[in-house]
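Residue strings, one per chain:
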Amino acid sequence: DAGITQSPRHKVTETGTPVTLRCHQTENHRYMYWYRQDPGHGLRLIHYSYGVKDTDKGEVSDGYSVSRSKTEDFLLTLESATSSQTSVYFCAISGSTNYGYTFGSGTRLTVV
Amino acid sequence: ELKVEQNPLFLSMQEGKNYTIYCNYSTTSDRLYWYRQDPGKSLESLFVLLSNGAVKQEGRLMASLDTKARLSTLHITAAVHDLSATYFCAGPSGGGADGLTFGKGTHLIIQP
């Protein structure tokens, strides 16, 4: 998607290992978000950021941490991956909520 | 905390027919978003509805918002196969920067 990229696109990791997903934007948007998507649940908010070093928890934040050291990057870390964190993770950005949110292409994470 | 309910969750229809997807939400909100997702893909923004009575149309899709009834609708006119996708509605979780709360999505299949 234009202006927002996620990496990696796919990852398989073992239970108990740390994992970091990266979201990079070139739009200079203030707001960034991490969601997870699971069958039957739609998308659920994990964490969000409203500026450099300003982050807050979302609906399903347990087991996840985030960091935003510069405007363009928002990192999601699973400190010790569990099978319940197998999911598709989407990053989103917004410059103004009046104009909606743009989503990245997603990261498919499998924890075995 | 906003709750968003979509119905139906699954819809199979024939080309050429009309249908409506409903999105009810639990707390007062002056904005509502509609997204489309194709299998294995990201979310594509369809409509951003910003006020009571807002109506937007794009091709065969039309979305409306009634904030008093806490209801948004996505109407499909003369459906074509290319509109087969999952459609999500979402509303602001709590206002400001704290992201969106999504419905569970409507999986739409349009058959020739």
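A word on the interface of chain A and chain B
- Contacts between the two partners involve 21 residues from chain A and, on the opposite side, 19 residues from chain B.
- Interface area, chain A with chain B, both sides summed: about 1600 Å², of which 55% is carbon and sulfur.
- Run the count over chain A and chain B and you get zero salt bridges.
- At the boundary of chain A and chain B, one finds four residue pairs in polar contact (both at pLDDT 80 or more).
- Elements supplying a minimum of two residues to the side of chain A that touches chain B: β4 (31-38) and β5 (42-51) of chain A.
- Counting residues per element, the side of chain A that touches chain B draws most heavily on β5(A), at five residues.
- Residue composition of the side of chain A that touches chain B, by class: eleven nonpolar, nine polar and one charged.

A look at the side chain of B:S84
- Along the polypeptide, B:S84 turns up in the loop between β8 (71-76) and β9 (85-92).
- Discounting chain neighbours no more than four positions away, the residues touching B:S84 are B:R36, B:D38, B:L108, B:I109 and B:I110.

Digging into the sheet that holds strand β6 (residues 55-58) of chain B
Residue and element names in this part refer to chain B.
- One open sheet accounts for five strands, arranged β1-β3-β8-β7-β6; its pairing is antiparallel. Bordering the open sheet on either side are β1 (4-7) and β6, each of which pairs with just one other strand. Strand-to-strand twist in this sheet, taken as the mean axis angle between neighbours without regard to direction, amounts to 15°.
- Pairing geometry for strand β7 (residues 61-66) and β8, over six bridges, is antiparallel.

Thresholds applied
- Residues numbered from 1 in each chain as written.
- Chains lettered and ligands numbered in written order.
- Predicted model: local features only at pLDDT ≥ 70, side-chain atom pairs only at ≥ 80, totals over all residues.
- Heavy atoms only, no water.
- Contact = heavy atoms within 4.5 Å.
- Buried area = accessible area lost by both parts, 1.4 Å probe.
- Salt bridge = Lys/Arg side-chain N within 4 Å of Asp/Glu carboxyl O.
- Polar contact = N/O pair within 3.5 Å; in protein donor to acceptor, adjacent residues only side chain to side chain.
- Helix = DSSP H or I, 4+ residues; strand = E, 2+ residues; numbered from the N terminus.
- Nonpolar A, V, L, I, M, F, W, Y, C, P; charged D, E, K, R; others polar.
- Pairing = 2+ DSSP bridges.
- Axes fitted to C-alpha atoms, helices over the stretch in contact; angles between N-to-C directions.

Read these as layout, nothing more, since geometry by itself doesn't imply function.
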